[in-house]
Amino acid sequence: MTASRAAPKAAAATAARAADWTSPLTAETARITHLLRRATFGASPDELEAAFQLGYGKMVDKLVETAPAAPPAVPGMKGGGGVDVDTLQQWWIDHMLATPTPFAERMTLFWHGHFTSDSTKVGTDRPYLYWQNLTWRKMALTDLGSMLMQVTTDPAMMVYLDLSTSTGKSPNENYSRELMELFTLGAGNFTEDDVRAGAKALAGWRLPTTADKSMTGVFEKRRAYSGGPLTFLGRTGQIDTKGVIDAILASPALATQVVTKVVHHFVSPSPEARYIQRLADEFRASKYDMKTLMRSVFLSPEFIQDPSYRSLIKSPVEYMVSVLKALKAPQLSKTVVDAGQNMGQMLFDPPDVGGWPNNDGWISSNTLMARVNFVSTVLGRMRSLPTVKDLGQLQLDGVLGSGTTTALNQAKDDRTRWMVVLMSPEFTLK
Amino acid sequence: MSKDKAGINELNRRDFLQAGLRFGTAASALAAGYAAVPDAFARAVYAAKQAGVNNDNVLVMIQLAGGNDGLRTVVPLQDPKLHDLRPILAAASVPAALPLNGAFGLNQNMPGIKALYDQGKVAIVQGVGYPNPSFSHFESIRVWETGDPTRRQVEGWLGKTLTQNYDSMGHPLTACACGTTDIPGALRDMHATVSVIDDSRTFGFQGGSKVESAAGTVWKGTPGIYGALFDTAISTVQQSIASVRTAVSRQGNVKYQDNAKLVYPSKTELGAALQLAASLITSGSGVKLLHVTLGGFDTHQTELQRHNDLMGYLDQSVSAFYQDLSMHNMADKVLVATWSEFSRRPQENASGGTDHGAASAMLLMGNPVKGGFYGQAPNLGNLDGTGNLRYTVDFRSVYQEILNTHLGADAKEILGQTFDRVPFLKAAAGVAAAAVT
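Position numbers for residues start from 1 in each chain and track the written sequence from start to end. By the order in which they are written, chains take letters starting at A while ligands take numbers starting at 1. A pLDDT threshold of at least 70 governs which residues receive local features in this predicted model, and a stricter bar of 80 or more applies before side-chain atom pairs are shown or counted, although totals over entire chains, interfaces and linings include all residues. Derived side-chain values reflect all non-hydrogen atoms in the structure, with water molecules and hydrogen atoms excluded from consideration.

Undergrad: Help me get a handle on the sheet that holds strand β2 (residues 74–76) of chain B, residues and values and all.
TA: Residues and elements named next belong to chain B. Strand pairing is assigned whenever DSSP detects at least two bridges linking the two strands. Helix and strand definitions follow DSSP, with helices as H or I runs of at least four residues and strands as E runs of at least two, each counted in order from the N terminus. Spatially, 3 strands are ordered β2-β4-β3 in an open sheet, and the strand pairing comes out antiparallel. Strands with a single pairing partner mark the edges of an open sheet, and in this sheet they are β2 and β3 (98–99). Of the pairings in the sheet, the one linking β3 to strand β4 (residues 104–106) comprises 2 bridges and is antiparallel in character. By the bridge assignment for β4, P99 is matched with G105.

Undergrad: Go over the interface of chain A and chain B, please, and point to the residues and values.
TA: Listed as interface residues are 80 residues of chain A and, on the opposing side, 74 residues of chain B. The buried area of a pairing is the accessible area, by a 1.4 Å probe, that goes missing from both parts when the two are put together, added over both. Here chain A meets chain B over a buried area of about 6500 Å², counting both sides, of which 59% is carbon and sulfur. Put simply, a salt bridge is a Lys or Arg side-chain nitrogen that is within 4 Å of an Asp or Glu carboxyl oxygen. Linking chain A with chain B are 1 salt bridge, by the criterion used here. A 3.5 Å cut-off defines polar contacts: any pair of N or O atoms within that distance qualifies, except that in protein one atom must be a possible hydrogen donor and the other a possible acceptor, and neighbouring residues in sequence count only when both atoms are side-chain atoms. Remark: the boundary between chain A and chain B carries 10 residue pairs in polar contact (both at pLDDT 80 or more). With 11 residues, helix α20 (residues 365–380) of chain A is the single largest residue contributor to the side of chain A that touches chain B. Its residues placed into classes, the side of chain A that touches chain B shows 28 nonpolar, 29 polar and 23 charged. Any two residues having at least one pair of non-hydrogen atoms within 4.5 Å are treated as being in contact. Think of it as three bins: nonpolar holds Ala, Val, Leu, Ile, Met, Phe, Trp, Tyr, Cys and Pro, charged holds Asp, Glu, Lys and Arg, and polar takes everything else, Gly as well.

Undergrad: How would you explain the confidence of the model for chain A if you had to name every residue and give the values?
TA: Looking at chain A, the pLDDT average stands at 92 and 95% of residues meet or exceed 70. Per residue, pLDDT measures the predictor's confidence, with a range of 0 to 100. Here residues 1–17 of chain A is modelled with pLDDT under 50, and outside its nearest four sequence neighbours on either side it reaches 15 contacts, counting other chains as well.

Undergrad: Can you tell me about helix α2 (residues 28–39) of chain A, naming the residues and giving the values?
TA: Taking 1.5 Å of rise per residue, 12 residues should cover 16 Å, and α2(A) covers 16 Å from first to last C-alpha, within 8% of that figure. Exposed residues in this analysis have more than 50% of their type's maximum accessible area, buried residues have under 20%, and partly exposed residues fall in between, with area computed by a 1.4 Å probe over protein chains only. Where α2(A) is concerned, the buried positions are A:A30, A:I32, A:T33, A:H34, A:L35, A:L36, A:R37, A:R38 and A:A39. Any helix carries an expected span of 1.5 Å times its number of residues minus one.

Undergrad: So, the pattern of salt bridges: which residues are in play, and what are the values?
TA: All names here are of chain A. The full count for this structure, using the stated rule, is 30 salt bridges over all chains. Notably, a salt bridge pairs D246 with K242, separated by 2.8 Å at the nearest N-O pair. On the criterion of helical spacing, the pair formed by D246 and K242 is a turn pair, its members being 4 residues apart in helix α13 (residues 241–249). For the salt bridge of E272 with R274, the shortest nitrogen-to-oxygen distance reads 2.4 Å.

Undergrad: Just give me the short version of the nonpolar core, but keep the residues and values in it.
TA: Counting 196 residues, the largest nonpolar core has A:W111, A:M294, A:F298, A:F374 and B:F321 as its most contacted members. With near-sequence residues (within four places) excluded, A:M294 lies in contact with A:V64, A:F103, A:M107, A:L141, A:V262 and A:F266. We define the nonpolar core as a collection of buried residues of types Ala, Val, Leu, Ile, Met, Phe, Trp, Tyr and Cys that are connected through side-chain atoms lying within 4.5 Å of one another. One finds B:I141, B:A186, B:L407 and B:I414 within the second-largest nonpolar core, a separate group that totals 41 residues.

Undergrad: I'd love a proper account of the packing of helix α18 (residues 316–327) of chain A against α20(A), names of residues and values included.
TA: Residue and element names in this part refer to chain A. Their axes nearest at 11 Å, the elements α18 and α20 cross at an angle of 30 degrees. Between α18 and α20, the interaxial angle falls into the category roughly parallel. Seen from above, α18 lies across α20 with right-handed handedness. Along its contact with α18, which presents P316, Y319, M320, V323, L324 and L327, the element α20 presents R371, F374, V375, V378 and L379. Residue composition of the contact of α18 with α20, by class: 10 nonpolar, no polar and 1 charged. The axes used here are C-alpha line fits, helices contributing only the stretch in contact, and every angle between their N-to-C directions lies in the interval 0 to 180 degrees. Every angle not falling under 35 degrees, over 145, or within 65 to 115 is termed oblique; those three ranges are roughly parallel, roughly antiparallel and roughly perpendicular. We call a crossing left-handed when the near helix sits turned anticlockwise from the far one by less than a right angle, and right-handed when that turn is clockwise.

Undergrad: Before we move on, can you summarise the packing of aromatic side chains with the specific residues and values?
TA: Pairs of aromatic rings are described using the distance from one ring centre to the other and the angle between the two planes. Residue and element names in this part refer to chain A. Side-chain rings of Phe, Tyr and Trp (the six-membered ring for Trp) are treated as a pair once their centres are within 6.5 Å; stacked means planes under 30 degrees apart, edge-to-face means over 60, and tilted covers the remaining angles. If you walk through the whole model with that rule in mind, you get 26 aromatic pairs over all chains. Relative to F298, the ring of F103 lies with its centre 5.6 Å away and its plane at 70 degrees, an arrangement referred to as edge-to-face. Here F103 is found in helix α6 (residues 102–112), whereas its partner F298 is found in helix α16 (residues 290–299), with 195 residues between them in sequence. F103 gets classed as buried once you look at its relative accessible area, which sits at 2%.

Undergrad: Report on the state of the cysteines, specifying residues and quantitative values.
TA: Chemically, a disulfide is nothing more than a covalent bond linking the sulfur atoms of two cysteines. Residue and element names in this part refer to chain B. To count as a disulfide, a pair of cysteine sulfur atoms needs to be within 2.5 Å. Across all of its chains, the model carries 0 disulfides over all chains by this definition. Its sulfur unpaired, C176 is 5.5 Å from the next cysteine sulfur, which belongs to C178. Of the residues examined, C176 reaches a relative accessible area of 0% and is grouped as buried. Judged by its relative accessible area of 1%, C178 is buried.

Undergrad: Kindly report on the pairing of strand β1 (residues 58–65) of chain B, identifying the contributing residues and their values.
TA: All names here are of chain B. Of all 8 residues in β1, 8 are buried, a share of seventy percent or more. In β1, alternate side chains face the same way, and those of V58, V60, I62 and L64 on one face and L59, M61, Q63 and A65 on the other are all buried. Here β1 runs beside strand β9 (residues 334–339); their pairing, made up of 6 bridges, is parallel. Residue M61 lies in a different strand from β9, and its bridge partner there is A337. Strand direction decides the pairing type here: β1 and strand β8 (residues 289–295), joined by 7 bridges, are parallel. When the bridges of β8 are listed, A65 appears paired with G295.

Undergrad: So what's going on with the side chain of B:N367? Residues and values would help.
TA: Residues and elements named next belong to chain B. Here N367 is to be found in the loop between β10 (360–365) and β11 (372–375). Looking at N367, the relative accessible area reads 14%, which means it is buried. With residues up to four places along the chain from it excluded, the contact list for N367 reads K121, Y322, A331, D332, V334 and K426.

Undergrad: Outline unusual backbone geometry, supporting the account with residue identities and numerical values.
TA: One non-glycine residue, A:K328, adopts positive backbone phi at about 55 degrees. For A:K328, a relative accessible area of 54% puts it in the exposed group. The phi dihedral of B:T302 falls on the positive side, at around 40 degrees, and the residue is not glycine. Locating B:T302 in the fold gives a position in the loop between β8 and α12 (303–327). Assessed through its relative accessible area of 44%, B:T302 is described here as partly exposed.

Undergrad: I'd love a proper account of the confidence of the model for chain B, names of residues and values included.
TA: Residues and elements named next belong to chain B. Here chain B averages 82 in pLDDT, while 81% of its residues score no lower than 70. Taken together, the stretch residues 24–53 has pLDDT below 50 and engages in 60 contacts with residues farther than four places along the chain or on a different chain. Across residues 428–437 the pLDDT falls below 50, and counting only partners more than four positions away or on other chains, this stretch makes 13 contacts in the model. The ipTM value of the predicted complex is 0.92, and its pTM value is 0.72.

Next comes the structure, spelled out in structure tokens:
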């Protein structure tokens, strides 16, 4: 039946290769570098030096406590307020490269992939996706209760998941379902009856008109459900949108779901259940405060233990922005926009409402090729490159596999060294 | 959104090559990292592991992503309950449908597939679903991809087929996902190699052979938990590049008839994906399993126009694909099957659309098909407790027939048990259909 599947070649390769990266994380400087790699888009030598001066704990405080820097207005808004997706993508990438608060951009990107909407359905005639980006950034480090109300009444979200056309008489189940399944509780922690009841309870919101002078949805009682008490997540009564959110906040599943997602995104692909539970209990007790959670994540021993080193794969946007940061080439932000599709991530256009994959989901033969080609493209557009004494140390912690070591040793000039380092698996990992 | 940026890398290739990579002359270690691709990959013969699996049939799965409305694909023409449940949608669909018989018609934008039906090349299986249907996209997609309604399996049904029947690692183009950057769940298996080809024109390393060599060196044998993933990815890249180069270089050797016009639709990416699929098939790359996707079927609102458009894209793409294969005398070997995670609710909502439903219609198309209707017509008078259609054909019955009769594989091994037979294929010559008890 299953004949040997080229096993001998693979086995020999395994024997020859070291089992794990040699983690440098016992040193505080390496921990800080690791923190900045995980929480920002990488740091320049000056930024690293300043961070080393602060020390790990104060660096975490600085990342978590500093208010998100707002981006400048989007250039080239059409009359009536619409903006092309390409323009919007480049605008955000420009901000990721220029902002003094890159952690806020990482959190915005995280929520962008969690509370998803896409440009194909939302459209570009109205600036809804632009507004959504501003809202997600402002709310990124607040608490889930206030976030869920903003998400529910966000015009782009209302269009994407059909809340804007859902009425009490003919409720649309899309938002109710995805709110519970994907955004908060997870499958198995609610029933189909809850989806139907939730749809009724949430109905009644409409998109703002220019007369409303508002960037959020408008509630109209005449569009809402008026059919008496509902039973939702075990609660019976007159339930409205706030009631739906309160019921969700009371569910023990909420903290576990969100914490699991955060940990998979920032810490490890295979966290222990105890770790998740510890963080979830604290998160719940803090009334779902994101600053509390993120501080605890970065200060947790699990974050800086050796198995955590290089256990995550940079998403395409992170990878490409990190490349441009390393090369000090913010003027090439358009290359990031152009390369996104082949790498599997286009901002404002997730593959579906579940958002993007994590880690191994990013690497297939095609996307690996796309990463290497991206570096070729960028280097091809740079007449001169920053000179660095020891690229392997600065960018890769001096922890190199044998292949990268070989290629780096064989490189005869800076351009080739940059190519090897930036297209290496070491740089794609974090 | 820059979906046609084939030119971006070419614009700067000259710049890059002028400031090209320089490696030391003693670069033998680099050369070792770049595996020389043996001629075997260029041959049209694939390595079959199992005796009896020696046909060269090809399967193309077209995923209609989002939940395709079966009642608007295969339209009941004489059912008053349809009008009761979805008055607006039915009033628009029924008179415009293309009648196949007295009871059912195809969506009005499917004249090409209708013409194939008239030639006996389309099998319509109705009422396809599974017990205790899930209305969640993710869960139901996973059910269809793994062939497991209990959602315990992780591997895709075609991934398992690959692992058990073909040497996909040695022949990475055995299974290809075209027009996408992700490996489809149906093709996923820990031990299966799948090629993902977004666009054959830009498929490869920009920057030439030095970049190819360096990439091969740095990505092989890395430490850490992703080492095996990276090894497989870079090997697959190298082998796929070689094979696609061969496939593309062999195109253009067929003379079309003078008045033949082969036009793939440009408004939908499905056209480009199927054109790529056709070139892989007709150039003898050895591909056997292909997967393409057409998205946008989650029509909770304004379904009428959107669904009609999608039906048109499907029809035009499949028609061009079939014509392409016929011109190359390959149409006898290729089976095309649509699949979707669920259908839509019979009752329409206030947004001009429909919510997630259950049982659906599958279209099986091509010369290997025994045309006609299979399964039971949907019974709009006997909906289940959630207001949805009840299934009458387990989707695994359809998979079983594809696996046993078309691919010559052992469906029971792959699906775990046997299912009622749905005999929508002519028995292929030279392949013994596996006995189904």
